[in-house]
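Examination of the molecular architecture
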Amino acid sequence: MPLKIAVQMDPIASINPMGDSTFAMMLEAQGRGHRIDYYVPGTLALRDNRVSANVAPITVFDKPKGEHFALGAFARADLADYDVLLMRQDPPFDMNYITLTHMLERLHPKTFVVNPPAAVRNAPEKILVTEFPELMPPTLVTRDRALIHEFRREHGNIILKPLYGNGGAGVFFLQEGDQNLASLIELFEQSFREPFMVQKYLPDVRKGDKRIILVDGEPVAGLNRVPAEGEARSNMHVGGRPELSPLTKGELEICERIGPALKQRDMIFVGIDVIGDYLTEINVTSPTGIREIKRFGGPDIAVLIWDAIEKRVG
């Protein structure tokens, strides 16, 4: 039975269709005969306990940027009339993002939201992962300067990053002799009201930071992202080189450990980050990587995601 689907995402004209996971999910839904409507988060409205948005029917094409979509006319629509809603705008995970999850929570599960808004709100990427300290590198979440300096003295080389960033933005590598830590803490204090995350630097990142995709709590593929020369970050946004990578025994054990927590939260599409033997993030807001995985000969994860969604929606 065709489903009526709404996609909440960043402006469709701005994405790179060749590497965008939301776009891959839209192509698959369209191929299954589902109806897709599109809107941007800024048009959401809540009135009389009903959530609406300014939506337009969309047709997507597997073509280069600029030729990848066609839109119909925009009109205000009650989102309770949809079977499925994909919440796919990128972070930052700020008060705007949190407010949107509160609004969409009025719809779920009658309109099935992927991933569930309350679960996303309560489990942002760098917070959910802290439920599994035995899987993580040594990690500190704080604004306390003394604790950060003490952590640095204990571990030497460290990574300092904002708690609610994305795409590698604001991630700094500080070597043991670097004298910029105090200045960097001051900069973070001015830029962010939240605590910061400090982690022991993992030299294995030079071999890659692996993104592993889990669908309905089960691992399906891994994409290793190797940092560019002279770069500590491996995110594809900042030049990380992606390569398909089989899952190791240790990585499968990590997935087995966290899978039940994802299933309990009804998280259908999740991407975790693993460096060496350590879990560093659990991405639940708008995970990426599925187009690259398919392009390098891995599974078509969009198919698996829609299989899981259709199973839920019936």
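As shown above, the structure is provided for reference.
Below is a short write-up of the structure. (Residues numbered from 1 in each chain as written. Predicted model: local features only at pLDDT ≥ 70, side-chain atom pairs only at ≥ 80, totals over all residues. Heavy atoms only, no water.)

Next up on the list: unusual backbone geometry. Cis geometry marks the peptide bond from histidine 108 to proline 109, where omega comes out at 10°. Its location among the elements puts proline 109 in the loop between α2 (95-105) and β8 (112-114). Of note, the amide linkage connecting valine 114 to asparagine 115 takes the cis form, showing an omega dihedral of -15°. Tracing the chain through its elements places asparagine 115 in the loop between β8 and α3 (117-122). The backbone of aspartate 48 sits at a positive phi, close to 55°, despite the residue not being glycine. Secondary-structure assignment places aspartate 48 in the loop between β3 (45-47) and β4 (50-60). (Helix = DSSP H or I, 4+ residues; strand = E, 2+ residues; numbered from the N terminus.)

With that out of the way, let us pick up the packing of aromatic side chains. Under the defined criterion, the tally for this structure stands at seven aromatic pairs. Taken together, a centroid distance of 5.2 Å and an interplanar angle of 70° make the contact between phenylalanine 188 and phenylalanine 192 edge-to-face. According to the relative accessible area criterion, phenylalanine 188 is buried, its value standing at 2%. For phenylalanine 192, a relative accessible area of 26% gives the class partly exposed. Ring geometry for phenylalanine 188 and phenylalanine 196: centres 5.3 Å apart, planes at 85°, overall edge-to-face. Residue class for phenylalanine 196 comes out buried when judged on its relative accessible area of 0%. Three or more aromatic residues joined by ring pairs make a cluster, and in this case those are Phe172, Phe188, Phe192 and Phe196. (Phe/Tyr/Trp six-rings, centres within 6.5 Å; stacked < 30°, edge-to-face > 60°. Buried < 20%, exposed > 50% of the residue type's maximum accessible area, 1.4 Å probe, protein only.)

Turning next to the environment of histidine 102. Examined against the element boundaries, histidine 102 turns out to sit in helix α2. Judged by relative accessible area, which is 41%, histidine 102 ranks as partly exposed. A sequence separation of 181 residues divides histidine 102 from asparagine 283, and the C-alpha atoms of the two residues are 19 Å apart.

Here we come to the sheet that holds strand β13 (residues 209-215). Overall, antiparallel pairing links the five strands, which are arranged β15-β14-β13-β16-β17 in an open sheet. Sheet topology places β15 (241-244) and β17 (278-283) at the edges, where each strand pairs with a single neighbour. Mean inter-strand twist for the sheet, computed between neighbouring axes without regard to direction, equals 30°. Pairing of strand β16 (residues 269-275) with β17 involves five bridges; the strand directions are antiparallel. In the sheet register, aspartate 273 faces β17, and the bridge partner there is glutamate 281. Contacts from helix α7 (residues 249-264) reach β13, β14 (218-226), β16 and β17, with the element oriented near 145° to β16. Taken strand by strand, helix α9 (residues 301-313) contacts β13, β14 and β16, and its axis lies near 35° from that of β13. (Pairing = 2+ DSSP bridges. Axes fitted to C-alpha atoms, helices over the stretch in contact; angles between N-to-C directions. Contact = heavy atoms within 4.5 Å.)

The buried fraction of strand β1 (residues 4-8) amounts to four of the five residues, a majority that puts the element mostly inside the structure. In this structure, β1 lies alongside strand β2 (residues 35-39), joined through five bridges in parallel fashion. Bridged to alanine 6 within β2 is aspartate 37. Since β1 and β2 lie parallel, the crossover through helix α1 (residues 21-31) that links them has a hand, and here it is right-handed. (Right-handed = clockwise from strand over helix to strand, strands pointing away.)

This brings us to the packing of α1 against α9. One can describe the packing of α1 onto α9 by two numbers: an axis separation of 9 Å at closest approach and a directional angle of 65°. As α1 packs across α9, the resulting crossing turns out to be right-handed. In this structure, α1 uses Ala24, Met25, Glu28 and Ala29 to contact α9, whose residues at the interface are Ala302, Val303, Ile305 and Trp306. Residue composition of the contact of α1 with α9, by class: seven nonpolar, no polar and one charged. (Left-handed = near helix turned anticlockwise from the far one by under 90°. Nonpolar A, V, L, I, M, F, W, Y, C, P; charged D, E, K, R; others polar.)

Moving on, we come to the nonpolar core. Counting 42 residues, the largest nonpolar core has Tyr39, Leu44, Leu79, Leu85, Ile272, Leu279 and Ile282 as its most contacted members. Put simply, the parts of the chain that give this core at least two residues each are β4, β7 (84-87), α2, α3, β13, α7, β16 and β17. Filtering out sequence-adjacent residues up to four positions away, leucine 44 remains in contact with Gln8, Tyr39, Val51, Ser52, Ala53, Arg76, Leu79, Leu100, Met103 and Leu104. Counting 34 residues, the second largest nonpolar core, distinct from the first, contains Ala24, Met26, Ala308 and Ile309. (Core = buried A, V, L, I, M, F, W, Y, C linked by side-chain atoms within 4.5 Å.)

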